[in-house]
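# Architecture at a glance
One letter stands for each residue in the lines below.
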Amino acid sequence: MRVTLMVNGERREADGVWEGESLLHLLREHLGLPGSKNACEQGECGSCTVYLDGVTCCACLVAAGQAQDAEVVTVEGLAGDDGLHEVQQAFLDAGAVQCGFCTPGLVVAAHDLLSRSPDPADDEVREALAGNLCRCTGYVTILDAVRLAARRTATSSRDPA
Ligand code: FES
Ligand code: FES
């Protein structure tokens, strides 16, 4: 089947999508967007987190056909013409990236949190990121990254959303 959708602000079309295919597979294998990672394919790890019509979801749990005419934003879509988004840059600067498999999902989840709650308490951050598993960092640097992004966003004139 053919699936047509908006991805990162562009209209995209994919042919030859099979009925059981996930949105994650569509993004990675048909549309050339490998940022969203496939770590479990069971909705357990959050590494495939994307926005679907403005709401974060695990792309591995969404059928590609369900994304017909939808608006999807992936980790690639968060960067602007002037470079990485504050959240992306904060993950790098805080040393929150080791193997990097969890990073795209965490970046999208943190972006979503900060767009709703620009100065979250640590408990709020932990709760918002609870669905995103990291096997490497121990989460300390990830919390640091979210705090850093929040501080930078607060002092920046750029809209975090
Ligand atoms: S790959 Fe989707 S939740 Fe793990
Ligand atoms: S950096 Fe390796 S899983 Fe998080």
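Here goes a summary of the coordinates provided. Predicted model, so just to flag it, every value in this text is computed and none were measured.

With that settled, consider a nonpolar patch on the surface. A cluster of nonpolar residues, Leu84, Leu92 and Val97, forms a patch on the protein surface that exposes about 230 Å² of accessible area. Relative to the assigned elements, Leu84 resides in the loop between strand S5 (71-73) and helix H2 (86-93). On the accessibility criterion, Leu84 (40% relative accessible area) is partly exposed.

Here strand S3 (residues 49-52) runs beside strand S4 (residues 55-58); their pairing, made up of 4 bridges, is antiparallel. The residue bridging Leu52 from the neighbouring strand is Val55, located in S4. A loop of 2 residues connects S3 with S4, the two strands running antiparallel in sequence, and Asp53 in this loop sits at a positive phi of about 50°.

Our focus in this paragraph is the packing of H2 against helix H3 (residues 103-116). Running from amino to carboxyl end, H2 crosses H3 at an angle of 125°, the nearest separation of the two axes being 9 Å. With respect to H3, the element H2 is oriented oblique. For the crossing formed where H2 meets H3, the hand is right-handed. Between H2, through Val87, Gln88 and Phe91, and H3, the contact on the second element is made entirely by Thr103, Leu106, Val107, Ala110, His111 and Leu114.

Reading guide: rules and limits
Within every chain, residues take consecutive numbers counted from 1 along the sequence as written. For naming, the first written chain is A and the first written ligand is 1, with later ones following in the order written. Owing to the predicted nature of the model, reporting of local features is limited to residues with pLDDT of at least 70; listing and counting of side-chain atom pairs is limited to 80 or more, with chain, interface and lining totals taken over all residues. Side-chain numbers come from the whole structure's heavy atoms, not from hydrogens or water. Patch members must show over 30% relative accessible area and no salt bridge, and they are joined within 9 Å when carrying like charges or within 5 Å when they are nonpolar side chains of Val, Leu, Ile, Met, Phe, Trp or Tyr. The protein chains shown are the only cover counted for residues, whose accessible areas, like all others here, come from Shrake-Rupley with a 1.4 Å probe. Basic side-chain nitrogens of Lys or Arg form a salt bridge, by our definition, when they fall within 4 Å of a carboxyl oxygen of Asp or Glu. For helices the rule is a DSSP run of H or I covering at least 4 residues; for strands it is a run of E covering at least 2, with both sets numbered from the N terminus onward. For each residue, the accessible area found with a 1.4 Å probe, counting protein chains only, is set against the maximum for its type, and the residue is called buried under 20%, exposed over 50%, and partly exposed in between. Strand pairing requires that DSSP identify at least two bridges connecting the strands. Here, axes are lines fitted to C-alpha atoms. For helices the fit covers the stretch in contact, and angles between N-to-C directions go from 0 to 180 degrees. Working rule for angles: under 35 degrees goes down as roughly parallel, over 145 as roughly antiparallel, 65 to 115 as roughly perpendicular, anything else as oblique. Take the far helix as your reference; a near helix turned counterclockwise from it by less than a right angle gives a left-handed crossing, and one turned clockwise gives a right-handed crossing. The contact definition used throughout considers only heavy atoms, calling two residues in contact when any of these lie within 4.5 Å.

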